[in-house]
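Residue-level structure breakdown
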Amino acid sequence: MLYRFSLLVCLLFCGGSLMAQKITYSEPERDDYKSTEFEIIGRVGGNILVYKSDRGDNAVSVYDNAMQLKERVKLDFLPKKVISVDFIAYPGKVFMIYQFQRKDAVYSVCATMNPEGRFDQAPIVVDSTRIGFYSKENKVYSVEYSEDKGRIMIYKINQDKEDNNVFYTFQYDSSFNFVNNSRLSLPMEKKAILSNFTLANSGDLIFNRLERTSNRDYTIKADVIIKRSAVDSFEVTPLQLQQQMLDEVKMKLDNNSNTLLVSAFYYKQKRGNVDGMYIAKYDFAQKQLVYEKLSPFTPELKMNARGESSTNAAFNDYFIRKIINTKDGGFLITAESFYTTSRYQPWNRWNYMYGPYGMSSPYSYYYSPYSPWYYSPWGWNNSQGNRYHYDNVAVLSFDPEGKLQWSNFVRKSQFDDGADLYLSYMLVNIGSELRFLYNDLDRRSYILTDNSITPDGKISRMPTLRNLDKGFTWMPRYGKQISSRSVLIPCIYRNYICFAKIDF
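None of the values given here were measured: they were computed from a predicted structure.

Examining the sheet that holds strand E31 (residues 459–461)
Strand order in this open sheet of four strands is E28-E29-E30-E31, and the pairing throughout is antiparallel. Each of the sheet's edge strands pairs with one partner strand only, and the pair in question is strand E28 (425–429) and E31. When strand polarity is set aside, the average angle formed by the axes of neighbouring strands in this sheet is 30°. One ladder, built from three bridges, connects strand E30 (residues 445–453) with E31; its direction is antiparallel. Within the sheet, the bridge partner assigned to Ile453 lies in E31 and is Ile459.

Regarding the pattern of salt bridges
Throughout the structure, instances matching the rule amount to 23 salt bridges. In this structure, Arg72 and Asp32 form a salt bridge, with 3.0 Å as the shortest nitrogen-oxygen distance. Pair noted here: Arg72 is in strand E5 (residues 69–74) and Asp32 is in the loop between strand E1 (22–25) and strand E2 (37–44), with a separation of 40 residues, a long-range link. Its relative accessible area of 1% is what places Asp32 among the buried residues. Between Lys70 and Glu116 there is a salt bridge whose closest N-O contact spans 3.9 Å. One end of the pair, Lys70, is in strand E5; the other, Glu116, is in the loop between strand E8 (105–113) and strand E9 (124–130), and 46 residues separate them in sequence. On the accessibility criterion, Lys70 (44% relative accessible area) is partly exposed. With relative accessibility at 35%, the residue Glu116 sits in the partly exposed group. Here the residues in one salt-bridge network are Glu29, Asp32, Lys52 and Arg72, joined through shared partners.

Observations regarding the nonpolar core
In this structure, Phe265, Met277, Phe297, Phe315, Tyr318 and Phe331 are the most contacted members of the largest nonpolar core, which totals 24 residues. At the level of secondary structure, the elements contributing two or more residues to this core comprise strand E19 (259–267), strand E20 (276–283), helix H2 (299–305), strand E22 (318–325), strand E23 (331–342) and strand E25 (386–398). Residues contacting Met277, with those up to four places away along its chain left out, are Ser263, Ala264, Phe265, Tyr266, Lys293, Leu294, Ser295, Phe297, Ile320, Ile333, Leu396 and Phe398.

Points about unusual backbone geometry
For Asn196, which is not a glycine, the phi torsion comes out positive at approximately 60°. Relative to the elements of secondary structure, Asn196 occurs in strand E14 (residues 192–199). Its identity as a non-glycine residue notwithstanding, Glu248 has a phi of 55°, on the positive side. Its location among the elements puts Glu248 in strand E18 (residues 245–254).

Re the side chain of Lys412
Topologically, Lys412 is positioned in the loop between strand E26 (404–410) and strand E27 (414–417). In this view, Lys412 contacts Glu336, Tyr390, Asp391, Asn392, Val393, Ser424, Tyr425 and Tyr438; residues no more than four positions away in its chain are not counted.

Thoughts on the packing of aromatic side chains
Applying the stated criterion across every chain yields a total of 30 aromatic pairs. Each residue in the set Phe77, Tyr98, Phe100, Tyr107 and Phe119 is aromatic and connected to the rest through ring pairs, giving one cluster. Here the basic side chain of Lys93 rests over the ring of Tyr90, its NZ or CZ set 5.1 Å away from the ring centre.

Thoughts on the sheet that holds strand E7 (residues 94–102)
The sheet built from four strands is open, its strands ordered E6-E7-E8-E9 with antiparallel pairing. Looking at strand neighbours, the two that pair on one side only are strand E6 (82–89) and E9, the edges of this open sheet. Ignoring strand direction, the axes of neighbouring strands in this sheet form an average angle of 15°. Direction of pairing for E7 relative to E8: antiparallel, over a ladder of nine bridges. Of the residues in E8, the one forming a bridge with Gln101 is Val106.

Regarding the environment of Thr219
Its location among the elements puts Thr219 in strand E16 (residues 219–227). Residue classification places Thr219 among the buried positions, given a relative accessible area of 0%. If near-sequence neighbours (up to four positions away) are discounted, Thr219 is found in contact with Leu210, Glu211, Arg212, Leu241, Met245, Leu246 and Val249. Within polar-contact distance, the side chain of Thr219 engages the side chain of Arg212 at 2.8 Å.

So, the pairing of E28
With four of its five residues buried, E28 lies for the most part within the structure. Pairing analysis gives five bridges linking E28 to strand E29 (residues 434–442), with the strands arranged antiparallel. What sits directly across from Met426, in E29, is Leu437. Hairpin remark: E28 followed by E29, antiparallel, with four residues in the connecting loop; positive phi at Gly431, about 95°.

Regarding the environment of Tyr318
For Tyr318, the location among the structural elements is in strand E22. Note on Tyr318: relative accessible area 1%, which makes it buried. Along the backbone, Tyr318 and Ala305 are 13 residues apart, and their C-alpha atoms lie at a distance of 9.2 Å. Here Ala305 takes part through its backbone oxygen, which lies 2.8 Å from a polar atom of the side chain of Tyr318.

Considering a negative patch on the surface
A cluster of acidic residues, Asp160, Glu162, Asp163 and Glu189, forms a negative patch on the protein surface. For Asp163, the location among the structural elements is in the loop between strand E11 (151–161) and strand E12 (164–173). Taking the relative accessible area as the measure of exposure, Asp163 reaches 48% and is therefore partly exposed.

A look at the state of the cysteines
Simply put, the disulfide is a covalent bond whose two ends are the sulfur atoms of two cysteines. Applying the stated criterion across every chain yields a total of zero disulfides. Left without a disulfide partner, Cys491 is nearest to the cysteine sulfur of Cys498, which lies 5.1 Å away. According to the relative accessible area criterion, Cys498 is buried, its value standing at 1%.

Let's talk about the confidence of the model for the protein chain
In the predicted model, the protein chain carries a mean pLDDT of 87, and 87% of its residues have values of at least 70. Contacts for the low-pLDDT stretch residues 1–19, under 50 throughout, to residues beyond four places or in other chains number two contacts. Every residue in residues 352–373 scores below 50 in pLDDT, and together they form 56 contacts with partners more than four places removed in sequence or on other chains.

Thresholds, definitions, all that
- Residues numbered from 1 in each chain as written.
- Predicted model: local features only at pLDDT ≥ 70, side-chain atom pairs only at ≥ 80, totals over all residues.
- Heavy atoms only, no water.
- Pairing = 2+ DSSP bridges.
- Helix = DSSP H or I, 4+ residues; strand = E, 2+ residues; numbered from the N terminus.
- Axes fitted to C-alpha atoms, helices over the stretch in contact; angles between N-to-C directions.
- Salt bridge = Lys/Arg side-chain N within 4 Å of Asp/Glu carboxyl O.
- Buried < 20%, exposed > 50% of the residue type's maximum accessible area, 1.4 Å probe, protein only.
- Core = buried A, V, L, I, M, F, W, Y, C linked by side-chain atoms within 4.5 Å.
- Contact = heavy atoms within 4.5 Å.
- Phe/Tyr/Trp six-rings, centres within 6.5 Å; stacked < 30°, edge-to-face > 60°.
- Lys NZ or Arg CZ within 6 Å of the ring centre and 35° of its normal.
- Polar contact = N/O pair within 3.5 Å; in protein donor to acceptor, adjacent residues only side chain to side chain.
- Patch = residues over 30% accessible without salt bridge, like charges linked within 9 Å, V, L, I, M, F, W, Y side chains within 5 Å.
- Areas by Shrake-Rupley, 256 points an atom, 1.4 Å probe, with all protein chains shown as cover.
- Lys, Arg positive; Asp, Glu negative; His and termini not counted.
- Charge placed at Lys NZ, Arg CZ, Asp CG, Glu CD.
- Disulfide = S-S within 2.5 Å.
- pLDDT = per-residue confidence, 0-100.

Spelled out as structure tokens, the structure:
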């Protein structure tokens, strides 16, 4: 009897762990081929909305919580050639901000979508710009919105002279009521680029101006630039890099403490090895630099990070993926090992990491990229002969003063030829822990794998997810977290795109 009772308890615990994650698939729609571009909008009013576009045909698929298709709403009012679309989802509505070209002008427009994927009001024209009939680049406008979604900014940047950029900004509130607009200039060095645009809850636009070396391998000068919500001027704070050179500068705002963090890998010499992490914290409410420091990597940390590299070169293939603020004022940094091999030329941070023009555009405008959830099968990484490698993920935890508390690694080894749609990972924050979802190659098939990391840095491999149906190939890095414990991840099934919801 005691044996049976123990066995029953064991089965109950095992069953609980197995039921910890539930996967629900949508049915593939006949118009959703692998070539269909999409963006996951999110959960709105109890429905799950996904935008889809294929050769000028635009639609929104409306799913219920069981991933059953309720309706596919065609967006017939959109022009055939939409340049870009940005979505801002609220509990009961979605702002769809798009731009299109008509003759020699580009228009920025906002339309409001309800939870059923329909539009009850006429679209609002934000601004228009004449670019001429022969312009090679017609993406004029970029969109940023604050973390609380209380402020929205649509802006364009015109390089009227080689050493000067002219900003035009249009700010709105969460009801898309007009707040203010501005026109102001920013001096630019010839080798300077703009990056990391972000909007604070206060409506302040914050970004970096980076000056790079002639071959654009390193950042040798960096500024934090702030355009206050109601002020038509820029505040410029130079960072003191001294003799260190930075690479791939990232910035993260903490709206709770009104601070921002600037981080990057640093080097002591050109073509040298990554020596550690550069960290700067700036209080944008008090307008003062809190600290600026270097956190060198220890030999033990480099030993744990290395794959097939030497210990000194352990972090040379790592790229910062995400910065996460913690409640105590500290932060986590995740960095992934990424490189390609080819019979022609290997890709790494030394070989056109930022393209032949760096991060800047050779034309008249600078732009922010698409959102991280936007999928396009026609990306740059579809060249033949390339093998893409996505390996270990480093997780580095820092205290509020920028001191490294602990480090750990999600161990993985991924590769694919010709494209990397199924590689890399998705990071899910469920509050009590972080989850890393990625594909493991098992007998020539991809198996979605789940790793968790606790606040003290302990990593555990979770049980195999339930309902991992054969025939579905997951694309984790294009997934999106749609609630505190739910994510939506695209899959390929028989050359069609469908979506799977995971409830943790």
